[in-house]
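So the chains spell out like this:
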Amino acid sequence: MDNQTGLPDFITENPDGSLTVDLLRGITADGVKQEQLTLREPTVDDMIAAEKTAKGDQAMTEVTLFANLAGIAPADIRSAKLKDYSRLQAALAFMNG
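Residues numbered from 1 in each chain as written. Predicted model: local features only at pLDDT ≥ 70, side-chain atom pairs only at ≥ 80, totals over all residues. Heavy atoms only, no water.

Trainee: So what about the side chain of Thr 64? Which residues, and what values?
Mentor: Relative to the helices and strands, Thr 64 resides in helix α2 (residues 58-70). In contact with Thr 64, other than residues within four places in its own chain, are Ala 50 and Thr 53. (Helix = DSSP H or I, 4+ residues; strand = E, 2+ residues; numbered from the N terminus. Contact = heavy atoms within 4.5 Å.)

Trainee: A description of helix α4 (residues 82-95) should follow, citing residues and the corresponding values.
Mentor: Taking 1.5 Å of rise per residue, the 14 residues of α4 would be expected to cover 20 Å, and the 20 Å separating its terminal C-alpha atoms lies within 8% of that figure. When α4 is considered as a whole, its buried residues turn out to be Asp 84, Tyr 85, Arg 87, Leu 88, Ala 91, Leu 92 and Met 95. One side of α4 carries all its buried residues, which in axial view fall inside an arc of 155°. Facing away from the buried side of α4 by over 90 degrees, the exposed positions are Leu 82 and Lys 83. Residues of α4 that are buried make contact with β1 (11-13), β2 (19-29), β3 (32-39), α2 and α3 (74-78). Positioned one or two residues after α4, Gly 97 has a phi angle of 85°, which is positive. (Expected span 1.5 Å × (residues − 1). Buried < 20%, exposed > 50% of the residue type's maximum accessible area, 1.4 Å probe, protein only. Arc of directions from axis to C-beta.)

Trainee: Go over the environment of Arg 87, please, and point to the residues and values.
Mentor: Looking at where Arg 87 falls in the secondary structure, it is placed in helix α4. On the accessibility criterion, Arg 87 (17% relative accessible area) is buried. Taking the C-alpha atoms as reference, Arg 87 lies 11 Å from Phe 66; in sequence the two are 21 residues apart.

Trainee: Can you lay out the environment of Glu 41 for me, pointing to particular residues and giving the numbers?
Mentor: Checked against the element boundaries, Glu 41 lands in the loop between β3 and α1 (44-54). Between the C-alpha atoms of Glu 41 and Ser 18, which are 23 residues apart in sequence, the distance is 5.0 Å. Those residues in contact with Glu 41, other than ones at most four positions away along the chain, are Asp 16, Gly 17, Ser 18, Asp 46, Leu 69 and Met 95.

Dropping the structure here:
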């Protein structure tokens, strides 16, 4: 755990407010293996758009939000191993305050 930010060691806060998450297993996005994902800081509009797209499905709302923040397809997020997905959830929890 980083004592200054309170973030786990696998998350790095960037100067623009985005977070880079080190993945254990990695995911393939657009045919390229990703060992890290950078999530930009979300806006209220991001959450509204994700909720509309997911049509009330809470899990898909989160998947859609992660995909939008990382700039990849929701299917890429859905292929993540649960260990990596948990890391993304930790990053989002930090950004939500």
